[in-house]
Amino acid sequence: MLDFAGISPSYDMDGKSWKNAIDPINGSEDDWKNNRCLFFESSDDRAVRCGCDKYMLLGSDASPEVTEAVASDWWTGTEALFDLCDAENDYVVADSSTESPEATNLLEDEPQKAEDLKSLLQCHLGRTDATISPLYEECTGSVATPSPTATPKPTLPVANNGGVPELIEYFPWQYDILPLASNTVLSATVLDDNIKRVRFNLQYPDGTRLGFAAGTQDSVSGDLTTYTRTVDTSSQSGKYGFKLEIQDNSDDIETVCFPADCSSWIEFVVADTAAQVVTAARAEISDIILRNNPDVNLAAKFVRHGFHDCVGGCDGCVDMSNPDNAGLDVPIEALEPVVDIFTHFGVTRADIWVLAALEGSSITQEDGDPDNRDFEMDWIGRPNCEDLNEPADCVDETCNHIRGPNRNLPSPNLDTHDLLEFFSNEFGFSDRDTVAIMGAHSLGGLQRENSGFNGVNGWVGNTRLLANDYYDSIVGATASLADCDTSANSVDDCVNDLKNSNRWEQVFVENSEPEFSTPDRWEWERGTNPDHFVMVNSDIALVRDLNGLMTDDGEVSTCQWKVSIKAHAQSILYLCTHCCEWLNRDDHSLYNYKAYSLTQ
C-alpha cells in the first residue's frame, strides 16, 4: 500500500509519521488533510479518516476501542466521531501530557458529518466486498473538515506494445449519484499505445438508448488517453446506464467491452431529491417484477417479505435462521441491486424493502379498477437493524439484512380473538384494518418446503391478483351481510349465505418426506387435489368462531364447515348443530367487514 501511495520507507506506524511522509509529496499540510481519506479494518471494527475527522463503526462492545473508552470513562456505544486536530488545525498526537483526541465522541454534536462519513465508509466496504466482483472506483462525498477530494493516481506502467487495450478509469462510477444537471460528461481513460476509438452507449431511465457513438479524445499522457462523451441528463431523473467499447489499431483490431459481457450496464443515478430517488427505485422494482421469471411470483414474495420485515419494526432485516422466514431469500436477492443503486439522500435498505411490498401490492391490482389504491410511501429514513440494535440482539451477534433480531411471527392457528389481538398489539390495527391486511392472502401460494402447507394454487386460484376474491371465497359471494341482523329478511339472508358459501374441509398435511423439513399441518381445502385452494385457521377465524375448538397443532375436529346444500334452508340454520359457527356482531363479526377490504 505504501509503495502504491508513493511513500518511501521508513517511518513509524503512527499518524504523525504518516503526515510527515505525505507532506513532501503533496506540498503542504493542507493538501495532506484535504486529499487523503484512509480506511481502516481491524477484526469487526471499521473506520474512515478524512483530514481532521475520523468516524468509527465498531463491531461490538468487546471492541478494544470501546473497552478503552469505557475504562477511561470517555464514552459508550459502537459508533464514534472524532476531531483529530487542535484549535490551530494541527494533528494531535496523544502522549503522557496530551489527552487523546478520541476521548471526545462528537457523534451527537455533528450528526450530519457522522452520517456523511458513515456513507463514505459503507461505500468503501461495498467496493471491497470479497463476496462480489471488485469495483475499482473512488468513493466520494461531501464530508469532513475540510472536504476530501479524489486521491491522485500513481504512475501507471507503459502500454504492452499494441496488446489488448486496458480500461484504467471511467466516470460515472458504478452506483454513483449525480445531480440533475444539464449535461453529464462520460469519460474513460485507457492504456494502449495504439487506440483507434472509444465508443460510449447511454441508456436513459425510460429505456431510451442513444446508441454507440465515438468519444472525443480529451487528454493524452504517455500511453494513457482519456476519451469523453457529453450527454444531456437534465430531462429525466432516475437510473442511467452506460457501456464502453474500446478498439485498437492492431492487425487483429482488438475490441474490449466494459462491462466485459458487452450486454450489462454501468449503472448510476441522476437525482436531486429523496423523492426522485424513491420514484426511480419504485420504477426499478416494478421493472424487476415484470421481467422476472414468470414461474416466480415476485410481487407476492415482495408483499410477504415486507410483512415479515415489519413485524417488530420495518428495519431492513429478517432472521433467515427462523423457519417462518423460509423462502425470503428470493425477494432479498432480487432487491440487492436496488439497494446498491438507490440508497442515497437518506433512503435506506429498510425503505427499499417497504417500497417493494407497496409496489408488489400496487402492480397486482386489476387495470382500470376504480377502487385501486396507490399504496404510496409517505416517508423515508427507516433505520436498518444494524443501526438500531446491539450485535447481541441479532443472530450470531451480527446484525445485517439476513441476521436480524428474532421476531415472533403470527401463528397460522390463531382464533378470532388472538388474530385481532396480534395485529392490534403489533401495528395498532383496528378490526377493519386486520380484515384488510389479511386480504394480502389474495396473492401467492403456500409451498410445503417453506411453510408446510400444500397450497401451490394459493387461497383463491389467481395468485397474481390483489382483489376481493379472498373475501368472496371465505364468506360466500352472494351474501348481503350488512343486512343480516337488521332487515326483515335477515334470517333468510343469513341462511342463504351459509348455504351458498364455499365448502371448506380440513385436511391433514404430513411432511415426513425427506425433502421437507417443515412441520405437519392442518389446512382447509376446497376442490380436488392437486387443483385445490387452501385456507389456514387464521383465515377461517375471520368468519367462523374456532375459539376452544383447535388442538395445539391446528386440528379442528369438533365442527364442520356446513351441512349438505340439499338440506332445507331453515334446517341449516337451526339443525346444523355441528357447524363451525358464524361470528355474530357482538363477537366482532369480521365477515361484515367484507366491503372494507384491501381496496378500501
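Going by the structure above, here's the rest.
Keep in mind that what you see is a predicted model, and the values were worked out from it rather than measured.

*Asks:* Sorry if this is basic, but what is going on with unusual backbone geometry here?
*Replies:* It is generally the case that most residues other than glycine have a negative phi and that most peptide bonds are trans. Of note, the amide linkage connecting Phe258 to Pro259 takes the cis form, showing an omega dihedral of 0°. Its location among the elements puts Pro259 in the loop between strand E13 (255-258) and strand E14 (266-270). A cis amide bond, omega 10°, links Asn529 with the succeeding residue Pro530. Along the chain, Pro530 falls in the loop between strand E16 (521-526) and strand E17 (533-535). In this structure, Asp73 takes a positive phi of about 60° despite not being glycine. Turning to its location among the elements, Asp73 is positioned in the loop between helix H4 (64-71) and strand E4 (79-83). Classification of Asp73 as exposed rests on a relative accessible area of 69%.

*Asks:* Teacher, can you tell me more about the nonpolar core here?
*Replies:* One recurring pattern in soluble globular proteins is that nonpolar side chains are buried together. With 30 residues, the main nonpolar core has Ile285, Phe302, Leu335, Val338, Phe342 and Ile352 as its most contacted residues. In contact with Val338, other than residues within four places in its own chain, are Ala281, Glu284, Ile285, Ile288 and Ile352.

*Asks:* Sorry if this is basic, but what is going on with the state of the cysteines here?
*Replies:* The bond known as a disulfide is covalent and runs between the sulfur atoms of two cysteines. Taken as a whole and judged by the stated rule, the model has five disulfides. The disulfide that involves Cys394 links it to Cys399, with 1.9 Å between the sulfurs. Across the S-S bond linking Cys394 and Cys399, the dihedral sits near 90°, which makes this disulfide right-handed. The class of Cys399 is buried, set by a relative accessible area of 14%.

*Asks:* How should the environment of Glu515 be read in this particular structure?
*Replies:* By secondary structure assignment, the location of Glu515 is in the loop between strand E15 (505-509) and E16. For Glu515, a relative accessible area of 56% translates into the label exposed. The sequence separation of Glu515 and Glu449 amounts to 66 residues, and the corresponding C-alpha distance is 7.5 Å.

*Asks:* Can you walk me through the pattern of salt bridges in this structure?
*Replies:* For side chains bearing opposite charge, pairing can occur when the charged atoms are close. A complete count under the given rule lists 17 salt bridges for this structure. In this structure, Glu359 engages Arg282 in a salt bridge whose closest nitrogen and oxygen atoms are separated by 2.5 Å. With a gap of 77 residues between them, Glu359 in helix H9 (residues 349-363) and Arg282 in helix H6 (residues 274-291) connect regions that are remote in the sequence. Under the relative-accessibility criterion, Glu359 is labelled buried at 10%. When its relative accessible area of 13% is taken as the criterion, Arg282 is described as buried. Across the pair Asp287 and Arg291 runs a salt bridge whose closest N-O atoms are separated by 2.1 Å. Placement of the pair is Asp287 and Arg291 together in helix H6, with a separation of four residues, close to one helical turn. One salt-bridge network, in which partners are shared between bridges, spans Lys239, Glu267, Glu284, Asp287 and Arg291.

Thresholds applied
Here the residue numbering is sequential within each chain, running from 1 through the sequence in written order. For this predicted model, a pLDDT threshold of at least 70 governs which residues receive local features, and a threshold of 80 or more governs which side-chain atom pairs are given and counted, while totals over whole chains, interfaces and linings are taken from all residues. The side-chain values count all of the structure's non-hydrogen atoms but skip hydrogen atoms and water molecules. Each helix is a run of DSSP H or I of at least 4 residues and each strand a run of E of at least 2, with the numbering of both proceeding from the N terminus. Categorising residues by exposure relies on relative accessible area from a 1.4 Å probe, with only protein chains included: less than 20% of the type maximum marks a residue as buried, more than 50% marks it as exposed, and the intermediate range marks it as partly exposed. The set of buried Ala, Val, Leu, Ile, Met, Phe, Trp, Tyr and Cys residues whose side-chain atoms join them within 4.5 Å is what this entry labels a nonpolar core. In this description, contact between two residues means that some pair of their heavy atoms is separated by no more than 4.5 Å. In what follows, a disulfide is any cysteine sulfur pair within 2.5 Å. Every case where a carboxyl oxygen of Asp or Glu lies within 4 Å of a side-chain nitrogen of Lys or Arg is listed as a salt bridge.

Keep in mind these values describe shape, not function.
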